[in-house]
Every structure is written in structure tokens, then in C-alpha cells.
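Coordinate analysis (summary)
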Amino acid sequence: WRFATGLTYSALMREAGPQRRNGDHRRRDRFWLILVLIIVVITGGSVLGYHWVRTKQANRFAVTGDALANQGKSSEAAIQYRVALQLDPNNYTALRGAARLASQLGRPEGIELWKKLLDLRQATVADRQDYADFLLKMNRLPPAEQIIDSLLKKDPDTKTLRLAVRYCAKTGDEARAIEYAEIALKRAPKDEASQFQI
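Residues numbered from 1 in each chain as written. Predicted model: local features only at pLDDT ≥ 70, side-chain atom pairs only at ≥ 80, totals over all residues. Heavy atoms only, no water.

**A look at the pattern of salt bridges**
Threshold: Salt bridges are counted wherever a side-chain nitrogen of Lys or Arg sits within 4 Å of a carboxyl oxygen of Asp or Glu. Helix and strand labels come from DSSP, where a helix needs a run of H or I of at least four residues and a strand needs a run of E of at least two; each type is numbered from the N terminus. Classification of residues uses two cut-offs on accessible area relative to the type maximum, computed with a 1.4 Å probe and protein chains only: under 20% is buried, over 50% is exposed, and between them is partly exposed.
Within the structure shown, the criterion is met by eight salt bridges. Across the pair Glu112 and Lys115 runs a salt bridge whose closest N-O atoms are separated by 3.7 Å. Note that Glu112 and Lys115 are positioned in helix α5 (residues 110–118) at a spacing of three residues, about one turn of the helix. You can call Lys115 partly exposed: its relative accessible area is 41%.

**Re the environment of Ala184**
Applicable threshold: Residue contacts are defined here by distance: any two heavy atoms, one from each residue, within 4.5 Å place the two residues in contact.
Its location among the elements puts Ala184 in helix α9 (residues 174–187). The spacing of Ala184 and Gln195 is eleven residues in sequence and 8.8 Å in space, taken between C-alpha atoms. Residues within four places of Ala184 in sequence aside, it is in contact with Thr158, Leu161 and Ser194.

**Regarding helix α4 (residues 92–105)**
At 3.6 residues per turn, the α-helix brings residues three or four places apart onto the same side. Stated precisely, the cut-off is as follows: Helix span is expected to be 1.5 Å times the residue number reduced by one. For the purposes of these results, a polar contact is taken to be a pair of N or O atoms within 3.5 Å, where, inside protein, one atom must be able to donate a hydrogen and its partner to accept one; residues adjacent in sequence count only when each atom of the pair is a side-chain atom.
The end-to-end C-alpha separation of α4 is 20 Å, in line with the 20 Å expected for 14 residues at 1.5 Å each. Judged by how many residues are buried, α4 sits mostly within the fold: ten of 14 residues are covered. The complete set of buried residues in α4 reads Tyr92, Thr93, Ala94, Leu95, Gly97, Ala98, Ala99, Leu101, Ala102 and Ser103. N-capping of α4 is provided by Asn91, with a side-chain oxygen placed 3.2 Å from the backbone N of Thr93. Just beyond α4, the residue with positive phi is Gly106, at close to 70°.

**Observations concerning helix α7 (residues 141–152)**
Cut-off, in case you're wondering: The arc under discussion is defined with respect to the helix axis, by the directions toward the C-beta atoms.
Look at α7: 16 Å from first C-alpha to last across twelve residues, which is about the 16 Å you get at 1.5 Å a residue. Regarding α7, the residues found buried are Leu141, Ala144, Ile147, Ile148, Leu151 and Leu152. Taken around the axis of α7, the buried residues stretch over an arc of 135°, which confines them to a single face. Opposite the buried face of α7, at more than 90 degrees from it, the exposed residues are Pro142 and Gln146.

Set out below in C-alpha cells:
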């Protein structure tokens with residue numbers, strides 16, 4: 001029979017060899033591809049997990065800092081904020097707490113903290129108002145003007161108007177200071193701070 005077909009077992013194996021080798025290569029390539037994907041997923045997951053843990057820890061330190069600052073324990077609060085910012089330099093709660101604490105203490109490093117805070121998307125109008133207030137206290141009038149002007153363009157509340165009054169008074173523009181104070185009083189006739197300013 002072998003002679004009739006002209007094929008021997010070794011000849012059959014030689015013909016089947018390339019197909020088997022191609023199948024082995026495909027299986028091996030698939031194995032390595034799956035292995036690489038598993039390594040990438042594990043690495044990415046561990047990096048995200050590590051970042052998540054650090055963010056959680058930073059939030060915990062920042063909240064503790066807020067509690068200590070409310071109790072008047074400035075030094076202890078500053079330590080908590082510092083640790084929080086070492087763990088997560090862009091932590092909103094820690095930056096806000098540290099910036100407000102620096103403002104209360106009249107510390108010049110507050111300016112850098114406020115700048116970093118206002119670069120975050122979570123920054124609020126109240127944050128901008130607090131920064132402008134700090135700049136006015138520190139007599140940093142040009143940057144205070146920029147912040148106050150931007151706040152005045154967005155339907156200003158009485159706090160923004162009071163900041164504008166203070167800025168105008170510091171720069172000697174009494175007419176504009178009175179104008180802003182009158183607008184603030186019209187919006188909130190019972191606001192004692194606006195009454196005092198006028």
C-alpha cells in the first residue's frame with residue numbers, strides 16, 4: 001500500500017511539519033501576548049491602587065488638620081497639612097486648609113499655596129475671595145486687583161463687593177469705593193459689614 005501511494009510515514013510527517021510548526025508558533029505568540037497583557041493590567045492596577053491609598057491617607061491628614069485649626073492649634077494643624085501635601089501635592093482639602101491657615105497667621109508662603117489651590121478645578125468662588133482678602137491684608141495690590149476684577153465680572157455677591165471697596169480704598173479711589181459699597185448695601189441692606197464700610 002505504501003508503495004502504491006508513493007508516501008511513506010516520514011514523507012507524511014515532512015508534509016505535516018510546517019503546519020504543526022505554524023500552529024506551535026501561534027500558540028506560543030498567543031501565550032506571550034496574554035502574559036504581557038496580564039503584567040500590564042497588574043502593574044497599572046497596583047499603580048492606581050497605590051495612588052488611591054495615598055490620596056485617602058492625605059485626605060485623612062487634611063481633615064485632622066482642619067479639626068486642629070478650628071481648635072486654634074495652628075502648629076499641629078500645619079504639621080497635618082504638610083504630611084497630607086507630601087502624600088498628595090494636589091490634594092484640594094489640604095491645600096485649602098494650609099492656605100487658610102497661612103492667611104490667618106499672615107505667612108507669605110500662603111501666596112504659593114493659594115496659587116496652587118486656584119489651579120485646581122475644585123477651586124470655588126469662596127476660595128478666590130479668600131485669596132483676594134489675603135492679598136489685600138498683605139498689601140499685594142496688583143494680584144489682588146486681578147482676582148477681584150475676575151470676581152466682579154461674574155455676578156458679584158456682597159463679599160466680592162466688600163473686597164472691591166477695600167481695594168479701591170487702599171488705592172485711594174474713594175468714589176469707586178463708595179459706589180461698590182452702595183451696590184453691596186442695595187443687595188443686602190441688613191449686612192452689617194457693608195453698613196460699616198459705607
